[in-house]
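Fold and contact review
So the chains spell out like this:
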Amino acid sequence: MDNKQNKEMNIASLTPILKSKTAFLIDGLDRINTKNKPYHVEVWDFSSSHVVGVRYSLTVRFSATNPAYVNGIQDALYKIYHHSKKTETLPLSVTQMDAMKYALQGIADCLEGTNWSCLENYRTWAYFIRKLKNKKLGVATVGHAISALNKLTAIGELKSYVDAQAMTKCASDTVGQQNVAIPHRLYQCMMNHALAVVEKYHPYRHDISKAMGDLFEIKKRVEAGEKICTEGRGTGRVLSMEPYAIRNRIKIAVRKKNHGVPDFKVDFHADDLADILTSCLVIVQGFSGVRIGEAVSFNKDSIDRVTINGKKVTVLQGETTKGTNGKPKKVTWQSHFIAETALELAHDMMASTRDFYLEGVDKKEEQGEVLEKINHMRRQLESAFLVVKATRQSGDNYIFDPQKALKRFIKKLGYKVTLKDVEEFNMLNPTREGDLKVGGTYDGLSSHDFRRTFAVFFVRYGFGTPSGIKFQFKHENINMSGYYANNAEFAQMNDLLMDEDILDDLKEAGIDLGIDIFDEIYNQSEHLSGAKGEKIMQDRMKKLQAGESIIMTREEIEENLRRGNFHIMQLPSGAYCTNDSCDRVCGTLSFRAEIKECEHKVVTDKSARMIAKQRDRLITKFTDLNTGDPLKSSILNGLKQKIQVEELTLKAHEIPYTPFNDDIRARNRHG
C-alpha cells in the first residue's frame, strides 16, 4: 500500500469526527472515497479563519440551495477555496464564497446538473448558452457566472476557459442602473421628517428602552407560569399555558404599563421602534455619505470633534470593508452634530434589546459555540442599529436591515411627486428615466441612495456652503457649512483616514452637474447676462460672423471639465459662477444687492426665471416688513435695492415685470 492510499485511509477513518460546520477548512477531504463528505453540511462556519465587517455574516448557508445540486456545488466550492489559499495572496472572503455559491447554483440550473465537464461538449455548451440567454440575467450576474466557470477551469474541473464573450452576449440588454439621486424637494421632505422623529423621541430614549425591557421581562415571567395580573375578571382561574393564552396575558400586562412615550406602541413586532431607528439611520447616512455597512458600525461613542480652521467639526469613526478584501479597517468621516443626537437616540433606546441579545449570546457561549463567532456577535451588539424584533430573531446576525422600514418611511411622508421632481429625477438618473411618476412617490428607496444623493447635493445645490439646502431641527435651520474646505484639511491630516470614495463621487457628481449647466449656457439659453454671460454672448456673435458653429456637444463639455478648462458652481440665486477658486457666494443675503457684480457670473434664461420668482418673494417680504418701524428701515432699503437690481436681469432676458417703486413708510408720530 503506497503513502497516498494510506493517507486517504487515514482521512476516511476520521470522517465521522470531521463532519461539522468547519470541516471544509481542512484540506484533502475531497479525496475521501465516499459521496458523503465531511463538509456536506447545511452551514459552513468561517469564524475561526476570517474576520468580517460588523454587518456581515461569518457563515455560508446552503439551506436554500437546490438539494439535487448542493453536494456538487459544495465539492466545487471546497476545491475553489483551497485553491485560492494556495495561489492567491489571501483566500476568498466569506462574501466572495457566498457569491460563488449563487453563481454555481445559476450554472447548475442552466446545466441541469453539476457535471461541469460536460460543458466541453459542443451540444451541451450550445444548450447551456440558450438556457442562460432565456434567463435574461443582468451583466453583473452573468459576470459572476463567468468568474465561477473560470475558477472551475483553474481547479481542473474544466479543461479550458469558456467563451466569455458568448456568455456576455446572453446578458439582458437592460442598462445597468446606478443608485438613485433623490430630487431635492423630496429629499428635503425625507430629511425633515427624519429630523422631526429624532427631535421628538430623543428625550424619551431611555423610556423606550425601559418599555421594551418591561416587555421582555413580562414575556419571561408569563412563560415561566407566573400570574402577572392579580386583580380583575378571570384572575382566579387556573393558568392556561397554551400559546394563545400566553400571548393574551402578555398583551394585557403590557397594556397596563404606562411608559409615557407619545405615539409609541410596545409589542413584539416593534414597528414603531424600527421606524425611529430608520430615521436615525437616515440622518447618519444623509449627513455623512457613509455606506449602510459603515453606518451600522457606529454607536454613540463613535462621535468625536476635531478643530479645523478654528472651528469644531463633528467626525464619525467606524469601520469599512471597501477595498480591503472584506476585512474591516478603521475610517473617519466628516459629519454634522445632528448625527450625534441620532446615534445617541438609536444606541440608548436599544439598550434593553441589546441586553436581551447579550443574554442569548452568553447561553450560546456556555453551550460551546466557537469563541471567534461569539466575539463577532458581541462586536455586532456594540452597534446602535440592531434587529428590533428581538424575540423573533433566531440567527446569529443582530444588525438591523432597514429595507422594509424604509418603505414605511417613504410611505408615511405622504409626498406627491410633481412634474419638476420627475424632470429632476430623470436628469439626475438617466438610467432610471420613467421610474418616477407625477403624483406618485419614490417607493424604491434604499440605504445606498443616500450616498449618491449626498454627493450630488454637495455639488448641485451648494449643500457644502453656508447658503446650502437647509433642514429644520429644533426650530433652527441646519446645513453642512464648510464641508469642502474641511475635507481639504482632513486629507492632509495624518491621524485621520477619510473616505476617498465619497470624494470621487463628489468629483463625478460635479462633472455631471457641469455638463448639464454648460449645455444650458452654450446650447439652450437664448439670452445670457452677468459679466461672464455677456462675454460668452460676445464670443458667440464673433463665431457666427466667422461662420463657425456655436454649438458645443456634451462630449466636448465633459472633456473640458475633466481637463480643468471649465469650472462651474450653482449659486443660491439660480445664477452660476465660473471661478474655480471662488471664496464668496454671490447673492447669499436676501436683503442686500451685490455692491459690485462678480466678473465670473452667468445668468441663463432658466436661472433668470428663478430670479423672477425670488424677486416676487422679496416684494412680499418688503410689503410685510413695511409697517413704518424705523428699526426696519435699513433692511427695507436693502430689499428694495436688491429687487430693483434683479429687474435688470429680467429685462436682459425679456421677462415681463412691473417696476417696483414702493416707498418705505414712516410711522406717524401722532398716530
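Residues numbered from 1 in each chain as written. Predicted model: local features only at pLDDT ≥ 70, side-chain atom pairs only at ≥ 80, totals over all residues. Heavy atoms only, no water.

Looking now at the pairing of strand β4 (residues 311-320). Judged by how many residues are buried, β4 sits mostly within the fold: seven of 10 residues are covered. Bridge count between strand β3 (residues 303-308) and β4: six bridges; the pairing is antiparallel. Bridge assignment links isoleucine 303 to a residue of β4, and that residue is leucine 316. Two elements, β4 and strand β5 (residues 329-334), share six bridges in a ladder whose sense is antiparallel. Bridge assignment links valine 315 to a residue of β5, and that residue is glutamine 334. (Buried < 20%, exposed > 50% of the residue type's maximum accessible area, 1.4 Å probe, protein only. Helix = DSSP H or I, 4+ residues; strand = E, 2+ residues; numbered from the N terminus. Pairing = 2+ DSSP bridges.)

Across all of its chains, the model carries 18 aromatic pairs by this definition. Seen in terms of ring centroids, phenylalanine 356 and tyrosine 357 are 6.3 Å apart; in terms of plane orientation they differ by 70 degrees. Their pairing is edge-to-face. Given the relative accessible area of 28%, phenylalanine 356 is considered partly exposed. Three or more aromatic residues joined by ring pairs form one cluster here, namely Phe24, Tyr39, Trp44, Phe46, Phe62, Tyr78 and Tyr81. Across the ring face of phenylalanine 62, the terminal group of lysine 101 is positioned such that the distance to the ring centre comes to 5.8 Å. In this arrangement the basic side chain of lysine 101 is found over the ring face of tyrosine 102, its NZ or CZ atom lying 4.4 Å from the centre. (Phe/Tyr/Trp six-rings, centres within 6.5 Å; stacked < 30°, edge-to-face > 60°. Lys NZ or Arg CZ within 6 Å of the ring centre and 35° of its normal.)

Right, let's talk about the packing of helix α4 (residues 94-111) against helix α6 (residues 139-154) for a bit. Put simply, α4 and α6 touch, their axes get as near as 9 Å, and they point 90 degrees apart. Taken together, α4 and α6 sit at an angle that is classed as roughly perpendicular. Across the interface between the two elements, Met100, Ala103, Leu104 and Ile107 of α4 pack against His144, Ala145, Ser147, Ala148, Leu149, Lys151 and Leu152 of α6. Partitioned by chemical class, the residues of the contact of α4 with α6 number eight nonpolar, two polar and one charged. (Axes fitted to C-alpha atoms, helices over the stretch in contact; angles between N-to-C directions. Parallel < 35°, antiparallel > 145°, perpendicular 65-115°, else oblique. Contact = heavy atoms within 4.5 Å. Nonpolar A, V, L, I, M, F, W, Y, C, P; charged D, E, K, R; others polar.)

This paragraph deals with the pattern of salt bridges. Scanning the entire structure with this criterion turns up 32 salt bridges. Measuring nitrogen to oxygen at the nearest pair gives 2.5 Å for the salt bridge that ties lysine 200 to aspartate 263. Of the two residues, lysine 200 is situated in helix α8 (residues 184-201) and aspartate 263 in the loop between α10 (243-255) and α11 (271-286); the sequence distance between them amounts to 63 residues. Judged by relative accessible area, which is 33%, lysine 200 ranks as partly exposed. We classify aspartate 263 as exposed; its relative accessible area is 60%. Across the salt bridge formed by aspartate 348 and lysine 300, the nearest N and O atoms sit 2.8 Å from each other. With a gap of 48 residues between them, aspartate 348 in helix α13 (residues 337-349) and lysine 300 in the loop between α12 (292-295) and β3 connect regions that are remote in the sequence. (Salt bridge = Lys/Arg side-chain N within 4 Å of Asp/Glu carboxyl O.)

The end-to-end C-alpha distance of helix α5 (residues 122-134) is 19 Å, a good match for the 18 Å that 13 residues give at a rise of 1.5 Å each. Of the positions making up α5, those classed as buried are Trp125, Phe128, Ile129 and Leu132. Here the buried residues of α5 occupy an arc of 100 degrees about the axis, which is enough to place them on one side. For α5, the exposed residues set more than 90 degrees away from the buried face come down to Arg123, Arg130 and Asn134. (Expected span 1.5 Å × (residues − 1). Arc of directions from axis to C-beta.)

What follows concerns the confidence of the model for the chain. Here the chain averages 83 in pLDDT, and 83% of its residues register 70 or above. Note on residues 1-15: pLDDT under 50 across the span, and 12 contacts to partners over four residues away in sequence or across chains. Taken as a whole, residues 587-593 scores under 50 in pLDDT and shows 18 contacts with residues more than four places along the chain or in a different chain. (pLDDT = per-residue confidence, 0-100.)

Here we come to a positive patch on the surface. On the surface, Arg247, Lys251, Arg255, Lys389, Arg392 and Lys404 cluster together into a positively charged patch. With three residues, α10 is the largest single contributor of residues to the positive patch. Of note, lysine 389 is situated in the loop between α15 (371-380) and α16 (403-413). Residue lysine 389 is classed as partly exposed on the basis of its relative accessible area, which comes to 33%. (Patch = residues over 30% accessible without salt bridge, like charges linked within 9 Å, V, L, I, M, F, W, Y side chains within 5 Å. Areas by Shrake-Rupley, 256 points an atom, 1.4 Å probe, with all protein chains shown as cover. Lys, Arg positive; Asp, Glu negative; His and termini not counted. Charge placed at Lys NZ, Arg CZ, Asp CG, Glu CD.)

Our focus in this paragraph is the environment of alanine 196. Tracing the backbone through its elements, the reader meets alanine 196 in helix α8. Once the C-alpha coordinates of alanine 196 and serine 279 are considered, the two residues, 83 residues apart in sequence, prove to be 8.9 Å apart.

Looking at the secondary structure, you find serine 529 in the loop between α20 (500-524) and α21 (531-545). A polar side-chain atom of serine 529 sits 2.7 Å from a polar atom in the side chain of histidine 653. (Polar contact = N/O pair within 3.5 Å; in protein donor to acceptor, adjacent residues only side chain to side chain.)

Moving on, we come to the sheet that holds β3. On the basis of which strands lie adjacent, the open sheet formed by three strands has the order β3-β4-β5 and antiparallel pairing. Strand pairing shows two members of the sheet lacking a second neighbour, β3 and β5, which therefore form its edges. Between one strand and the next, the sheet's axes are offset by a mean angle of 40 degrees, whatever the strand orientation. Sitting on the sheet, α13 is in contact with β3 and β4, with an inclination near 170 degrees to β3.

Our next topic: the sheet that holds strand β9 (residues 576-577). Sheets are built from strands that pair by backbone hydrogen bonding, the pairs being arranged parallel or antiparallel. The strand order across the open sheet built from three strands is β8-β9-β10, with neighbouring strands paired in antiparallel fashion. Looking at the sheet topology across the chains shown, the edges are occupied by β8 (569-570) and β10 (601-602). Looking at chain direction, β8 and β9 are connected through two bridges and run antiparallel. From the neighbouring strand, methionine 569 faces β9, where its bridge partner is cysteine 577.

Their axes nearest at 10 Å, the elements helix α9 (residues 205-223) and α10 cross at an angle of 140 degrees. Taken together, α9 and α10 sit at an angle that is classed as oblique. Judged by the sense of rotation from one axis to the other, the crossing of α9 with α10 is right-handed. Here Leu215, Ile218, Lys219, Val222 and Glu223 of α9 lie close against α10, whose contacting residues are Ile246, Arg249, Ile250, Ala253 and Val254. (Left-handed = near helix turned anticlockwise from the far one by under 90°.)

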